[in-house]
Amino acid sequence: MASNDNGSDLGIETSLFKAADKLRGNMEPSDYKHVALGLIFLKHISDGFEAKHAELMSEYPEGAEDPDEYLADNIFWVPLDARWSHLQANAKQPNIGKLIDEAMIAIEKVNPSLKGVLPKDYGRPALNAVMLGELIDLISGIALGESKDRARDLLGRVYEYFLGQFAGSEGKRGGEFYTPRSVVRTMVEMLEPYKGRVYDPCCGSGGMFVQSEKFVEAHGGRLGDIAIYGQESNYTTWRLCKMNLAVRGIDADIKWNSEGSFHKDELPDLRADVILANPPFNISDWGGERLRDDARWKYGIPPAGNANFAWLQHILHHLSPTGTAGVVLANGSMSSTQSGEGEIRKAMIEGEVVDCMIALPGQLFYSTQIPACLWFLARDKSNGIARDKTLRDRRGEVLFIDARKLGFMVDRTRREFSDADIARIADTYHAWRLGEGYEDVPGFCKSAGIEEIRSHGHVLTPGRYVGAEAAEEDETPFTDRFAALQEQLEAQFAEAEELTTTIRARLAGVGV
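The following paragraphs examine the structure supplied in this document.

Parameters at a glance
Residues numbered from 1 in each chain as written. Predicted model: local features only at pLDDT ≥ 70, side-chain atom pairs only at ≥ 80, totals over all residues. Heavy atoms only, no water. Helix = DSSP H or I, 4+ residues; strand = E, 2+ residues; numbered from the N terminus. Buried < 20%, exposed > 50% of the residue type's maximum accessible area, 1.4 Å probe, protein only. Contact = heavy atoms within 4.5 Å. Lys, Arg positive; Asp, Glu negative; His and termini not counted. Charge placed at Lys NZ, Arg CZ, Asp CG, Glu CD. Pairing = 2+ DSSP bridges. Axes fitted to C-alpha atoms, helices over the stretch in contact; angles between N-to-C directions. 1 Å grid on protein atoms, 1.4 Å probe; cavity = no way out; pocket = protein on both sides within 12 Å on 5 of 7 lines; lining within 4 Å. Points joined across faces, edges and corners; volume = space filled by probe spheres on them. Nonpolar A, V, L, I, M, F, W, Y, C, P; charged D, E, K, R; others polar. Phe/Tyr/Trp six-rings, centres within 6.5 Å; stacked < 30°, edge-to-face > 60°. Expected span 1.5 Å × (residues − 1). Disulfide = S-S within 2.5 Å. Core = buried A, V, L, I, M, F, W, Y, C linked by side-chain atoms within 4.5 Å. Right-handed = clockwise from strand over helix to strand, strands pointing away. Polar contact = N/O pair within 3.5 Å; in protein donor to acceptor, adjacent residues only side chain to side chain.

Of the regular secondary structure elements, the chain holds 17 helices and 13 strands. Here the C-alpha coordinates of the chain stretch approximately 110 × 70 × 45 Å along the principal axes. Here the chain holds 512 residues, and the buried ones make up 50% of them. Here the analysis covers contacts within the chain between residues at least 6 apart in sequence; of these, 72% occur between residues at least 24 apart. For the chain, the centre of its 57 positive side-chain charges and the centre of its 78 negative side-chain charges are spaced 4 Å apart.

So, in structure tokens, the structure goes:
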């Protein structure tokens, strides 16, 4: 089995999800998701509080019930009746749903950053109190006896794993709040967000941010080296995102409004160093006819019937002078000529903002079977910094990568990239951007010049450029191969002659 870091081989998350899913009974995954994730979040902030409380009790007991002592360490203050130990002690009571709701309300009241974020409908009659009690018991065992940092990491992993599993259970709807982890990791490894401002204009449950912070920490940086900005139009998804980031200890500015990034841009002055986005594919009712004069459409007015090129231009608008972006879009965006889309794509290519295109394999996404691709944009291809290295001038070129043959099936319906696949794609992009050791590989990657792209009508489908995979060459010299074939043929001639002689002799012996 291919090596991967997608959560499916971590052990504890898998067994926990199976146990939690068993308790779900006939409840819909889309509904149960909020029940389970809300309790995991409550356990997380209560654990953080209890650890600090124990520390204060041993060093400064008079400060143990002072909220300011917790706020100073960026720890949520948890009132007495909202603490996990209180809920666990009452888990078998018939009014446990009401107690959880009261705990959520109390926590929101004393922690303004959580206002409106926590689910508060555990007391509704449709929720079985016995199920809630068993779920509390199950979650109580997570990270039991672990150190504070280890417990935070474990709860964060469990929260993220549950998000992914619920997305899979919900099918198409799941894709609206969750981008598969191996796709996000590929984008993050390519763009390397070490520091600066990271933005996602349709941030879903915040997976792009979680992977960006993991990248920073994995490469010797610290939590907080990047400043995170996001916007989400779905209120329920925005709440999931706020909890997902809080459980990881990630501070972020995540805006919500129901009008969305096109019609009410909550961060109009933001210019980000890295933008990562997985906007919904091919939206036809985005209200484009009301935005025809918008300043963001520098490369052409996007058609009212499809928002793909509106997303690309919104993202370009928000890039800093040296910023780069990775965007997931439907394959049609690479070749469509309908409603002026071909002209916008041409203007973007000629305007030197398209850096790299990747064709993805099928079955990577929960939400759609539509083939997808990755666009990588750069505000200025003549410069840029990746860690401590200066990028070469890439004007007049676009890198094409055909990754359709990569990945492995994790189950009957869904594919993921392995660690090796992600490294191969990211290393190819880095080598090309830096000009260090890059070579075209037939069937996989090609650095194409602007004239070649023009000759293809500004179509950006990688398969047109990378060509066919080279057939494996036989290293045996031709003379040796010819001699061997001749020898084999002579042996077969001799065998045929022997067979002919035998048949004739037997025919001669037959009396007629």
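Now that the structure is up, let's keep going.
What follows is about the sheet that holds strand 10 (residues 397-402). The strands that make up a sheet pair up through hydrogen bonds in the backbone, lying either parallel or antiparallel. Judged by pairing direction, the sheet is mixed, and its 9 strands sit side by side in the order 3-2-1-4-5-7-6-10-13 without closing on themselves. Both edges of this open sheet fall to strand 3 (252-256) and strand 13 (445-449), since each of them pairs with a single strand only. When strand polarity is set aside, the average angle formed by the axes of neighbouring strands in this sheet is 15 degrees. Of the pairings in the sheet, the one linking strand 1 (residues 196-200) to strand 2 (residues 226-232) comprises 5 bridges and is parallel in character. The residue of strand 2 that forms the bridge with tyrosine 199 is tyrosine 229. Packed on one face of the sheet, helix 8 (residues 181-191) meets strand 4 (272-277), strand 5 (319-330), strand 6 (354-359) and strand 7 (372-378) and runs near 155 degrees to strand 5. Sheet strands touched by helix 14 (residues 419-434): strand 5, strand 6, strand 7, strand 10 and strand 13. Its angle to strand 10, the strand with the most contacts, is close to 165 degrees.

Taken as a whole, the second largest pocket spans an internal volume of roughly 890 Å³. Contributing to the lining of the second largest pocket are 40 residues, with His44, Asn74, Ile75, Phe76 and Ala246 lying nearest its centre. Looking at the lining of the second largest pocket residue by residue, the class counts come to 18 nonpolar, 12 polar and 10 charged.

In this section: the packing of aromatic side chains. According to the stated counting rule, one finds 20 aromatic pairs in the structure shown. With a centroid separation of 4.6 Å and 20 degrees between ring planes, the pair formed by phenylalanine 49 and tyrosine 70 is classed as stacked. Here tyrosine 70 lies in helix 3 (residues 67-71) and phenylalanine 49 lies in helix 2 (residues 29-59), a separation of 21 residues in the sequence. By the burial criterion, phenylalanine 49 is buried, and tyrosine 70 matches it. Measuring from ring centre to ring centre gives 6.4 Å for tyrosine 429 and tryptophan 432, while their planes differ by 20 degrees; the resulting arrangement is stacked. With tyrosine 429 and tryptophan 432 both in helix 14 and 3 residues apart, the pair spans about one turn of that helix. Each member of the pair tyrosine 429 and tryptophan 432 is classed as buried.

This next bit is on the environment of serine 205. Along the chain, serine 205 falls in the loop between strand 1 and helix 9 (207-218). Overall, serine 205 belongs to the buried group, its relative accessible area being 3%. Sequence-distant contacts of serine 205, defined by excluding residues within four places in its chain, comprise Leu163, Phe177, Tyr178, Thr237, Leu240, Cys241 and Asn244.

An α-helical turn contains 3.6 residues, so any two residues separated by three or four positions project in the same direction. A rise of 1.5 Å per residue sets the reference length of helix 14, with its 16 residues, at 22 Å; its end C-alpha atoms lie 22 Å apart and thus fit the reference within 8%. Regarding helix 14, the residues found buried are Asp421, Ile422, Ile425, Ala426, Thr428, Tyr429, His430, Ala431, Trp432 and Arg433. Taken from the residues just after helix 14, glycine 435 is the one with a positive phi, measuring 75 degrees.

Here we come to the state of the cysteines. Scanning all chains against the criterion turns up 0 disulfides. Lacking any disulfide linkage, cysteine 203 is separated from the closest cysteine sulfur, that of cysteine 241, by 4.0 Å. Here cysteine 445 is not cross-linked by a disulfide; its sulfur's nearest cysteine counterpart is in cysteine 356, at 9.5 Å. The buried category is assigned to cysteine 445, whose relative accessible area is 3%.

It is worth spelling out unusual backbone geometry at this point. Positive phi values are uncommon outside glycine, yet serine 339 reaches one of about 50 degrees. Inspection of the secondary structure puts serine 339 in the loop between strand 5 and helix 13 (341-350). When its relative accessible area of 60% is taken as the criterion, serine 339 is described as exposed. Located in the positive-phi region is glutamine 363, a residue other than glycine, with phi close to 65 degrees.

Inside soluble globular proteins, nonpolar side chains tend to come together where they are buried. With 108 residues, the main nonpolar core has Tyr32, Leu39, Ile100, Leu135, Phe162, Ile358 and Phe376 as its most contacted residues. At 11 residues, the largest contribution of residues to this core is made by helix 2. Sequence-distant contacts of phenylalanine 162, that is, excluding residues within four places in its chain, are made with Glu13, Leu16, Phe17, Ala20, Ala36, Leu37 and Ile40. Grouped together as the second largest cluster of nonpolar side chains are 41 residues, Trp286, Ile315, Val354 and Ile450 included.

Looking now at the pairing of strand 3. Side-chain direction in a regular strand flips from residue to residue, so the side chains alternate between the two faces of the sheet. The sheet contact formed by strand 2 and strand 3 spans 5 bridges and is parallel. Bridging across to strand 3, glycine 230 finds its partner in isoleucine 254. The handedness of the strand 2 to strand 3 crossover, carried by helix 10 (residues 235-247), is right-handed.

Counting through the fold element by element, aspartate 440 comes out in the loop between helix 14 and strand 13. Exposure remark for aspartate 440: the relative accessible area of 38% places this residue in the partly exposed category. For aspartate 440 and threonine 428, which are 12 residues apart along the polypeptide, the C-alpha to C-alpha distance reads 9.4 Å. Reaching out from aspartate 440, the side chain makes a polar contact with the side chain of tyrosine 438 at a distance of 2.7 Å. Polar side-chain contacts of aspartate 440 include one of 2.9 Å to the backbone nitrogen of serine 447.

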